[in-house]
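Structural features, examined
Residue-level listing of the chains:
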Amino acid sequence: MAPRRREDGQPPPVYDDHGHLFTVAVNYGGTFIGAGINRSYKGGVIDLYDFCETEKWNLKALERVLEDTGIVMGEARVLWCLTGQSVRNLGLADIMNDHDCMNMAGAVAVGHKELPIYVDHAESILGEKRHLNFDTDFQFDSDGSDFEEEIVDSDYDLYEGDDDLYEDCIEEDEDIKGKKLAEEVELPESDHELELPESDDEQVKFKFKNFTLVDMANPQFKVGQTFAFVELLRKAIREYSCRERVNISMPTNDKNRIATRCADCIWYLWASWDSRSKCFLIKRHEPEHTCERVWKVRGFTYKFIEEKYIDYFRADEGMNIKKLARVVQKEWNMTPSRPKLRRARRLAMSIIYGDEVEQYNLLWQYAVELRRANPGSTFFLNIDSENRFNKCYWSLGAIKRGFLEGCWPVICLDGCHLKTKFGGQLLVAVGMDSNDCIYPVAFSIVEVEDTTNWRWFLQTLKKDLGIHNTSAWTIMSDKQKVLIKAVSEIFPESEHRFCVRHLWQNFNQLFRGEVLKNQLWKIARTTTIQRWEEAMEEMKLLNKEAYDWLEELPPNTWVRAFQSDWPKCDILLNNNCEVFNKYILEARELPVLTMIDKINQQLMTRVCSKQDEGEKFPGPVCPKKKLNTTKLTKLVDLAAECYVLPAGSGVFDVRFRDKQYIVELLNRSCTCRRWDLSGIPCHHAIACMRHERISPTDHVHPAYSVQRFRRAYAHNIMPCRDKSEWAVVDNCPQVAPPHYEKKVGRPKKNRRKQPEEKQSKKGGLVMSKHGVIIHCSHCGNPGHNKSGCSWYKAGMPPKKQRIKKSRAMPDDSEEDNVPVITQVISIEYELIILLRNAYSVLIYLTVPAPNTRSVHPGPLPDSTFITAEQSQKVAPSGSSSSVEHNIAAKAEAMKMAKLREHEEKKEASVAAKLKKAAEAKQVEYELAQQRRLHAQQKKEEAAELRKLAASEKKEALFAARQQKAAQKEAGKARKAAAKQQEAAQRRAPKPSTSQPKNVSMFDELRG
C-alpha cells in the first residue's frame, strides 16, 4: 500500500492500536529560527500522508513522499522529531539512510500514529547535525536523576494494563559507513560512577547494552541494559515472568521509573530514565531467584496469549480450544483455564475479522467497492426508521451472466440460519450448471424468514435477472407456506416444484414404515399417468389413509408424470441449496461484512477452478452425463433387453419385457417420457440408436454440453481492495446493527439431525430410537421391557407371540434407486411472523465506471436455454407424427385432462368441505344465538330479582328509619316532661319541718 496524501477537509483515518500503519506530517517551505528553547519552524506548509507502513518505510519511500511535494532528497536537510519531544529541546534527528527510517518507524510500535518531518532548505541549525541512535537518543522531560519519593499505587500496573505492552523493539545501532563502534565499557553498579566526566578532555565513551527484538524471545536483565521506551521494559518484564514462571510485582511503575520484585524471593530490578543514554537504564538488579517456580502466573493473561498466538489463528482459523491448550502447554509449561483460552481466541478473532458492530456501518463502502471491482453487480441495503440494519441483497455480475448463458432455467430457493451474535437468515437462490453442480446466483440477509422478506427477495431477483416471461422458469423449494405464497405472487406462471425429501418428512410423521416410504418414492418417480395411477392403487392397498393424504396434494408439484418437460430437468430434491448451505458453513459464523466477503471469495476461487476443470473435459458432453457413468451404464445394460422394430421416418416400436413403447428419434421423444423430461436418452431410445448405429452422446440435450459449461464460468470475479483503500461514501446514514436479544443457554451451531442421521460410535450411520415405543418381550405390553415387567417379577408365564407374516415388497425393478440425501432440514412448516410496521429506506448505490475495466459489460443477455428451446420448438418435417397422431401430444392431452380432472375433484372436495363447514358454522351460529337468548333471559331475571331485593331493602330501611325517628321523638318527649316536672317541684313551697323549742322552767317563771 503506497502512502496517500490527505485532501483538505478530509478526516484523519482510524488506525488499529496493534496495526502497522501511521501518518507522516511533512513540514516544508519554511526555515528554523532561533536557538534552544526559542527555536521554531516558520513560514512552512504541512502536507499529511496517510497509510504509511512500518515494514515498507525506508529511504525510497521517503523520497517518493518528498517528490510528491516537489522536494529532491539530498538538496535539503531532512529531519524528524522524536516522539514526546519538540524542536526546542534537541528533539530533531537527521534521516540519512534506511536505518534512520527504521528507527523512525519504531515509534509506531508504542502507539504514535503521526510522525512529523521537517525539511531544512537553508540548513539553519548547523552544528547540531547528528545521526540518531534510536535506542539511546529518546528523552523524557525528566532530568534523569534518581529520586526517592513516597511509593504509591501506579496507574501503569503490569497485570492490569496489558494493552500498554507491545512487542516491537529496535536493534542495535551501527555506524553509517559500517564501521564497528567503540567496545562496550563495563559499568559499575553505583549510580555515581555512571556519571560522565566534568571535563571534555577526558575521552570516556559509554556504549550501553541495548535490549533488542531478539532478546524478547528469552529476556535476561543486567545492570547497564537500556530500553528505548518504558513500554518495552514492561513488556520484557512480563515476558520474563511468564518464561520463568514467577510472579513479579511492581510497587513503583510510572513513566520515569520502574521498581519490580519477586513476590516470593529476593529478586529485584530498578530502572529509571537516564540523561546520559537518553533512554531507560537498569541501575540495580538482583538476578538470582531462590523461590520455587509456580504453575499459575498472574501475568499470563488472555491478552498475553492472544498477542503471542494471533498469527496461529490467522493461519488456522478453525483452531479449537483443545488444540490451543496443547500448544500453550508445550511452549510455556502452564495449563490456562478454558475460559481464559476462549477469551483469548475471541479477542484474536475480533482483531482478525474486525468489530462485528462496526462492520454494519461499512456496508456502504463495501457496496461501492464491490460494484467498482465487478461491474454489473448489484447490492441493495435496507434500513428501518431507526437506521438499523433490516435486510440486504447482493449478486455478482459475472455470476448473473454465467447463469443466463450456460445454466438451466431452474431456480432453487432456501434459507439458512446465521450463527452470529445478531442472528438472522440467509436467503439463497441456486441454479444448476451443465454438469449437475450447484451454481449460486443471488443472496439476501434478512432478520426473519417470512412472506414479506421472501417476496422482496424474489422481486429483486426477478428484476435483477431481467425475467419478464415467468412461464419459462421452474422454481424448486421446500413446502413452506410463506415461500409458496411469495412464489405464486412473483412467479405466477412458473412451475413450482416441492422437494420430495421434505414431503416425505411430513408423510413420515403420520405414516411410518419402510414400505410406505419406498412406495412414496416410487409414485414420485413415475413418468407417465398410467404408471402413476398404478402406483397410487398400490398405495391404496397398503394404506388407505396414506392414499387419501397423497390425493390432496397437487401431483404436478412432486410427481414427474405431471411435470413439464420444458426445462429438461427431472430433479425431485432441493439438494442444491442444502449443498451450498454446507459449502458456506464456516462463513455463516462470521460477522456480516466478513461473511459477505468470504462468500464472494469462495465463489471467486470456485469459478477459477471450474474454468480449469472445463478445459480438461474430453468430448462434447459433461462427464456426469456420459455413458461411462454409473447411471447411464445401467441404461445401456437395460437396453440389451429392448427389442426394436423400425416403423420408418425415425419412429420405432420398442418391446421391453411386457411393455411396449414408441420412440421418435427425430423428435427426441419416447412414450415413457424419461427422455422428454431429462434430455438424456432412455434405454428404449438407446436400443433404437443401437439399431441405427448412432452414438447416444449425439442425442444428449445441448444443455449438458461442455460448451455450455464453459460459458457458465467464462466470466471471472475480481477481488476487492484492502479496506483502507475503499472510497468514502458521503450522505449515507450510519447503519446500526439489528436489535440484540440474548437467548437463554449456549448458542446452537449444529443442525438438528433426523433419527436416521445419527452417527454410530463404530463409524457410519445408525438409526436413532428416539420416539420408538418399546414392548415387553415377556408380556407384550408397551411402555416397559422385561426387566420392569410385573408379570415376569410375579413369575407368570410369558405371553405367546404371534408370528407376523412379511408383506411382499412392490416391484420396483425398472425404477431408479432412492437418491442419496446429503442434507436434512427437520422443520417442515414455519409460523408466519407478524410484520413490523417499520419505515424502511432502500438506497441503490451508483458507482462510476471501474478503473480496472475499459469496456462496460453492457446489459445482461437473455437465457441461452430458453432462446434455443424456442427456436427448436417446431418438429422436423421428416417425422411421421402429425398433429392428429402425435403420441407426445396425446400424452400431453391425457396429462392435461388428468390434471383438470384432479383440479375438478379437488374443487368439488373443497366445495363440499366449505359447504359442510358453512353448515356447521350455521348450526354453531344458531346454537350460539340460543345460548345468547338464554343468557339474556337469565340476565333479565337476575336483574328483576336484584331490583326487587333492592326495593325490599329500601322499604325495610325506610321503616327502620321511621321507627328510629319515632323512638327518638318519644325519648325527647319523656325528657321534656321530666324537665317540666322537675321545674314545678322547684317552684312549689317547701313544708316546715322545724321542731318546737325547749323552754326551761326559769323562762316560764320569767314570763
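Residues numbered from 1 in each chain as written. Predicted model: local features only at pLDDT ≥ 70, side-chain atom pairs only at ≥ 80, totals over all residues. Heavy atoms only, no water.

1. Side note on the overall build of the protein
Each helix and strand in the protein was counted, giving 25 helices and 28 strands. Looking at the protein residue by residue over its 1007 residues, the buried ones come to 43%. Contacts in the protein between residues at least 24 apart in sequence constitute 67% of all its contacts with a sequence separation of at least 6. Carbon and sulfur atoms form 52% of the exposed surface of the protein, whose accessible area is close to 57100 Å². (Helix = DSSP H or I, 4+ residues; strand = E, 2+ residues; numbered from the N terminus. Buried < 20%, exposed > 50% of the residue type's maximum accessible area, 1.4 Å probe, protein only. Contact = heavy atoms within 4.5 Å. Areas by Shrake-Rupley, 256 points an atom, 1.4 Å probe, with all protein chains shown as cover.)

2. So, the sheet that holds strand β1 (residues 4–5)
The pairing of strands in a sheet comes from backbone hydrogen bonds and takes either a parallel or an antiparallel form. The strand order β1-β5-β2-β8-β6-β7 describes an open sheet built from six strands, whose pairing is mixed. Pairing within the sheet leaves two strands with one partner each, and these edge strands are β1 and β7 (92–94). Of the strand pairs in this sheet, strand β6 (residues 77–81) and β7 are connected by three bridges, and their pairing is antiparallel. Note that in β7 the partner of Trp80 across the bridge is Ala93. (Pairing = 2+ DSSP bridges.)

3. Comments concerning the packing of helix α4 (residues 302–315) against helix α5 (residues 321–332)
Two elements in contact, α4 and α5, have axes separated by 12 Å at closest approach and are oriented at 115 degrees. When the axes of α4 and α5 are compared, the crossing they make is right-handed. Together, Phe304, Ile305, Lys308, Tyr309, Tyr312 and Phe313 of α4 and Leu324, Val327, Val328, Glu331 and Trp332 of α5 make up the contact between the two elements. For the contact of α4 with α5, the residue count by class is nine nonpolar, no polar and two charged. (Axes fitted to C-alpha atoms, helices over the stretch in contact; angles between N-to-C directions. Left-handed = near helix turned anticlockwise from the far one by under 90°. Nonpolar A, V, L, I, M, F, W, Y, C, P; charged D, E, K, R; others polar.)

4. So, the environment of Glu537
The topology assignment puts Glu537 in helix α14 (residues 529–542). In sequence terms Glu537 and Tyr547 are 10 residues apart; their C-alpha atoms lie 8.2 Å from each other.

5. What about the packing of aromatic side chains?
By the definition in use, this model includes 33 aromatic pairs. Taking 5.2 Å as the distance between ring centres and 80 degrees as the angle between the ring planes, the aromatic pair formed by Trp408 and Tyr704 counts as edge-to-face. Within this pair, whereas Trp408 is found in the loop between α9 (397–406) and β17 (410–417), its partner Tyr704 is found in the loop between α20 (683–692) and α21 (706–712), the two being separated by 296 residues in sequence. The residues Trp408 and Tyr704 share a single accessibility class, namely buried. An angle of 50 degrees between the planes, with centres 5.0 Å apart, marks the rings of Phe617 and Phe709 as tilted. One end of the pair, Phe617, is in the loop between α17 (592–615) and α18 (630–639); the other, Phe709, is in helix α21, with 92 residues separating them in the sequence. Of the two residues examined, Phe617 and Phe709, each falls in the buried class. Connected via pairs of aromatic rings, a cluster forms that spans Phe403, Tyr439, Trp473, Phe617, Phe709 and Tyr713. Over the face of the ring belonging to Trp332 we find Arg243, whose NZ or CZ atom lies 4.1 Å from the ring centre. The ring of Trp504 carries the charged tip of Lys517 above its face, separated from the ring centre by 5.0 Å. (Phe/Tyr/Trp six-rings, centres within 6.5 Å; stacked < 30°, edge-to-face > 60°. Lys NZ or Arg CZ within 6 Å of the ring centre and 35° of its normal.)

6. With respect to α5
Look at α5: 16 Å from first C-alpha to last across 12 residues, which is about the 16 Å you get at 1.5 Å a residue. When α5 is considered as a whole, its buried residues turn out to be Ile321, Leu324, Val328 and Trp332. Along the axis of α5, the buried positions cluster into a sector of 60 degrees, meaning they face one direction only. Exposed residues on α5 whose side chains face more than 90 degrees from its buried face are Lys322, Arg326 and Lys330. Residues of α5 that are buried make contact with α3 (230–244), α4 and α6 (338–353). In the stretch just after α5, Asn333 is the one whose phi turns positive, near 60 degrees. (Expected span 1.5 Å × (residues − 1). Arc of directions from axis to C-beta.)

7. Comments concerning the sheet that holds strand β24 (residues 659–664)
The antiparallel open sheet is built from four strands, whose spatial order is β22-β23-β24-β25. With one partner strand each, in any of the chains shown, β22 (642–648) and β25 (669–670) form the two edges of the open sheet. Across six bridges, strand β23 (residues 651–656) lies against β24 in antiparallel orientation. Across the sheet, residue Phe652 finds its bridge partner in β24, namely Val663. Lying over the sheet, α20 contacts β22, β23, β24 and β25, oriented at roughly 65 degrees with respect to β22.

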